[in-house]
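# Residue-level structural notes
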Amino acid sequence: RVPLLQAARKKNSFNLLGLTEAELEEQFVRGDGPGGQATNKTNNCVVLKHIPSGIVVKCHQTRSVEKNRKTAREILQEKVDLFYKGEDSDIFKEKKASEKKKQEKKRRAKENLERKKHFKEMQQLDKK
Amino acid sequence: MWKPGTDFTTMRCLTHLLLRRLLGLSPQCMPGGLSQSKGPILSPKQSSLRQSCNARPGLVTATDVVNYWQKVFETNGIPEARESSEYIVSFVLGAKTFQSLNSKSLRTPLTAVQQEQIQQLSNKRLERMPVQYVLGEWDFQDLTLKMRPPVFIPRPETEDLVSLVVEEESRKCEKNSSLCFPGPVPHPVILEIGCGSGAIALSLLCKMPQSRVIAVDKEKAAVDLTAENAHRLQLQERIHILHHDVSYSSAKQLLLWGPIDFIVSNPPYVFHEDMASLDAEILRYEDLDALDGGDDGMRVIKTILALAPSLLKDSGSVFLEVDPRHPDMVDKWLQAHPNLLLILHAIHKDFCGKPRFLHIQKQSR
């Protein structure tokens, strides 16, 4: 359904490759039965495949089929973008940037610890 | 005869069914059933099964417990053994699904209180109680709603019914603005027939902030549950809930806010001959009147369509969820009743590709 994909594209400010419903294959664990009122199955897991690349995403984040379908498309779109664009993908760049931030934080924390340690040592020397 | 090491739970389940058959009871029985016991006492065989799940005696993780109850459910012929187990354990841990739990929660040992809660809930599932009633709640689109037997449990297909109404309303708004119709933001009035737990009505209110809903149901339990859910979501100001049977009562009360923009319904549409083959979960716990649509499944559908012209604004719409065999039948019926001035505007498929939703429009004179 088009509205689901539109939601996926609008969600973030990343420039990701668009997906069309025609390239997707969706599976629900709902079985072949009559469905609707005649069934009360609770498995709302969505399995979504991007046919050209073969990438498959499984989503059971919520108890709502509609939400799982939306989320599955968002995750799939990110994976497909990574697959085709590699390091040029906004997803890759964002991950790299956040990892860099993490390293920076660690480095700074380590530095602070060293500085405090050094300061304490100097204090001990002064007391003597 | 009780043999040492007998799986107590299996025995209890069999006894339950056998008792019912011997007493000549129909498959549908009162919620709670005949069993008065508080819950299965774990036989030595069962407790060792649990302890063998991990290396640390006495400590069980979420994964251990899910695996344990999955096996118990499977042994007792409970459908969706894994899913049921996952939903119950997730619920006790405060999450919606197992997949949404982080790896830390999965490794943390469960407290005795949590294990006891899981046991209580699982005992209910062992009686074929639907998971939604076991947990007392379920989700519909973005909403979490209280669930209580025998009020009909919303099905996942019906989420798309709500989306169709929302799309139609925004299409109408766009059309009006492109035709340069001035004026205030429209306040669509929606009538839901057969509101059940309030899933459709309350979802529509959330997605269409300017709308108001009149929700009716012939069952008091449904009216009460819809009211309860409306209050929990703070939507009670925008919904009017009536205990009303559209088959027998005058439609005048339904016009309290004037002519209606949309009539929405997920009416009972199961063909009567198909009722007996429904799962035990449905037959034993849900209100069968919410499902049984009579011989051709069309009894309530026809009632709604016969009522629609006197309630709808010109160009107003009826949105119905139906059985996949109904679209053709409804089309023929509408053509046989041209005085109603209703036409089948569109048929929409559900997420499994089955024709499921009808968009019927009232023609302007």
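Remember, predicted model here, so these are calculated numbers, not experimental data.

### What to know about the interface of chain A and chain B
Each partner contributes residues to the interface: chain A has 28 residues there, and chain B has 45 residues. When residues of chain A are sorted by the area they lose upon contact with chain B, Gln37, Asn40 and Arg63 of chain A head the list and together hold 32% of the total. Inspection of the chain A/chain B interface yields 5 salt bridges. A salt bridge links Lys41 of chain A to Asp279 of chain B, with the shortest nitrogen-to-oxygen separation between them at 3.5 Å. On the surface where chain A and chain B come into contact, there are 24 residue pairs in polar contact (both at pLDDT 80 or more). Of all the elements in the fold, those that place two or more residues in the side of chain A that touches chain B are β3 (55-59) and α2 (65-85) of chain A. Here the element with the most residues in the side of chain A that touches chain B is α2 of chain A; it accounts for 4 residues. The residue inventory of the side of chain A that touches chain B, partitioned by class, reads 6 nonpolar, 13 polar and 9 charged.

### A closer look at helix α6 (residues 112-126) of chain B
All names here are of chain B. Its 15 residues give α6 an end-to-end C-alpha distance of 21 Å, which sits within 8% of 21 Å, the value for a rise of 1.5 Å per residue. Those residues of α6 lying buried are Gln114, Gln115, Ile118, Gln119, Leu121, Ser122, Asn123, Arg125 and Leu126. Just downstream of α6 lies Arg128, where phi reads positive at about 65 degrees.

### Things to note about the pattern of salt bridges
Inspection of the entire model under this criterion finds 30 salt bridges over all chains. The residue Lys85 of chain A makes a salt bridge to Asp81 of chain A at a minimum N-O spacing of 3.1 Å. Residue Lys85 of chain A and its partner Asp81 of chain A are located together in helix α2, separated by 4 residues, close to a single helical turn. Residue Lys85 of chain A is classed as partly exposed on the basis of its relative accessible area of 27%. Between Asp261 of chain B and Lys313 of chain B there is a salt bridge, with its nearest N and O atoms 3.0 Å apart. Pair noted here: Asp261 of chain B is in strand β6 (residues 260-265) and Lys313 of chain B is in strand β7 (residues 312-321), with a separation of 52 residues, a long-range link. By relative accessible area, Asp261 of chain B is classed as buried at 8%. You can call Lys313 of chain B partly exposed: its relative accessible area is 34%. Look at the salt bridges and you will find they share partners, linking Glu104, Arg107, Arg108, Glu111 and Arg115 of chain A into a network.

### Here we look at the packing of aromatic side chains
Residue and element names in this part refer to chain B. Within the structure shown, the criterion is met by 6 aromatic pairs over all chains. Measuring from centroid to centroid gives 6.0 Å for Trp69 and Phe73, while their planes differ by 40 degrees, and the two rings are tilted. Of this pair, Trp69 and Phe73 both sit in helix α3 (residues 62-75), 4 residues apart, roughly one helical turn. For Phe73, a relative accessible area of 0% puts it in the buried group. On the numbers, 6.2 Å between centres and 45 degrees between planes, the contact of Phe262 with Phe319 is tilted. With Phe262 in strand β6 and Phe319 in strand β7, this residue pair connects regions lying 57 residues apart in the sequence. Here the two residues Phe262 and Phe319 agree in accessibility, since each one is buried. Positioned above the aromatic ring of Phe262 is the side chain of Lys172, whose terminal nitrogen or guanidinium carbon lies 4.8 Å from the ring centre. Over the ring of Trp257 we find Arg212; its NZ or CZ atom is 4.9 Å from the centre of that ring.

### Notes on the domain arrangement of chain A
All names here are of chain A. Once the domains are mapped, chain A shows domain 1 (21-86) and domain 2 (89-127). Contacts between the two partners involve 5 residues from domain 1, matched on the other side by 4 residues from domain 2. Buried surface at the junction of domain 1 and domain 2, both sides included, amounts to about 370 Å², of which 66% is carbon and sulfur. Applying the counting rule to domain 1 against domain 2 returns 0 salt bridges. One can count 2 residue pairs in polar contact (both at pLDDT 80 or more) joining domain 1 with domain 2.

### Concerning the packing of helix α8 (residues 158-178) of chain B against helix α9 (residues 199-207) of chain B
The description of two packed helices rests on the angle between their axes and on the distance between the axes. All names here are of chain B. Their axes nearest at 10 Å, the elements α8 and α9 cross at an angle of 40 degrees. As far as their axial angle goes, α9 and α8 are oblique. Helix-helix and strand crossings are classified by hand; for α8 and α9 the assignment is right-handed. Of α9, the residues touching α8 (which contributes Thr158, Leu161, Val162, Val165 and Val166) are Ile200, Ser203, Leu204 and Lys207. Within the contact of α8 with α9, the residues separate by chemical class into 6 nonpolar, 2 polar and 1 charged.

### Side note on the nonpolar core
Residues and elements named next belong to chain B. Membership of the largest hydrophobic core comes to 55 residues, with the highest contact counts inside it found for Trp69, Ile118, Leu135, Leu202, Leu204, Ile239 and Val264. Residue contributions to this core peak at 7 residues, all from α3. If near-sequence neighbours (up to four positions away) are discounted, Ile118 is found in contact with Val65, Trp69, Ile88, Val89, Val92 and Leu110.

### What to know about unusual backbone geometry
Residue and element names in this part refer to chain B. For the bond running from Pro149 to Pro150, omega is 0 degrees, close enough to zero to count as cis. Relative to the elements of secondary structure, Pro150 occurs in the loop between β2 (143-146) and α8. If you check the backbone angles, Glu80 has positive phi at about 55 degrees while not being a glycine. Considering the arrangement of structural elements, one finds Glu80 in the loop between α3 and α4 (81-92). Residue classification places Glu80 among the buried positions, given a relative accessible area of 16%. Even without glycine at this site, Gln234 takes up a positive phi of about 60 degrees.

Cut-offs and rules
- Residues numbered from 1 in each chain as written.
- Chains lettered and ligands numbered in written order.
- Predicted model: local features only at pLDDT ≥ 70, side-chain atom pairs only at ≥ 80, totals over all residues.
- Heavy atoms only, no water.
- Contact = heavy atoms within 4.5 Å.
- Buried area = accessible area lost by both parts, 1.4 Å probe.
- Salt bridge = Lys/Arg side-chain N within 4 Å of Asp/Glu carboxyl O.
- Polar contact = N/O pair within 3.5 Å; in protein donor to acceptor, adjacent residues only side chain to side chain.
- Helix = DSSP H or I, 4+ residues; strand = E, 2+ residues; numbered from the N terminus.
- Nonpolar A, V, L, I, M, F, W, Y, C, P; charged D, E, K, R; others polar.
- Expected span 1.5 Å × (residues − 1).
- Buried < 20%, exposed > 50% of the residue type's maximum accessible area, 1.4 Å probe, protein only.
- Phe/Tyr/Trp six-rings, centres within 6.5 Å; stacked < 30°, edge-to-face > 60°.
- Lys NZ or Arg CZ within 6 Å of the ring centre and 35° of its normal.
- Domains from an automatic or database assignment.
- Axes fitted to C-alpha atoms, helices over the stretch in contact; angles between N-to-C directions.
- Parallel < 35°, antiparallel > 145°, perpendicular 65-115°, else oblique.
- Left-handed = near helix turned anticlockwise from the far one by under 90°.
- Core = buried A, V, L, I, M, F, W, Y, C linked by side-chain atoms within 4.5 Å.

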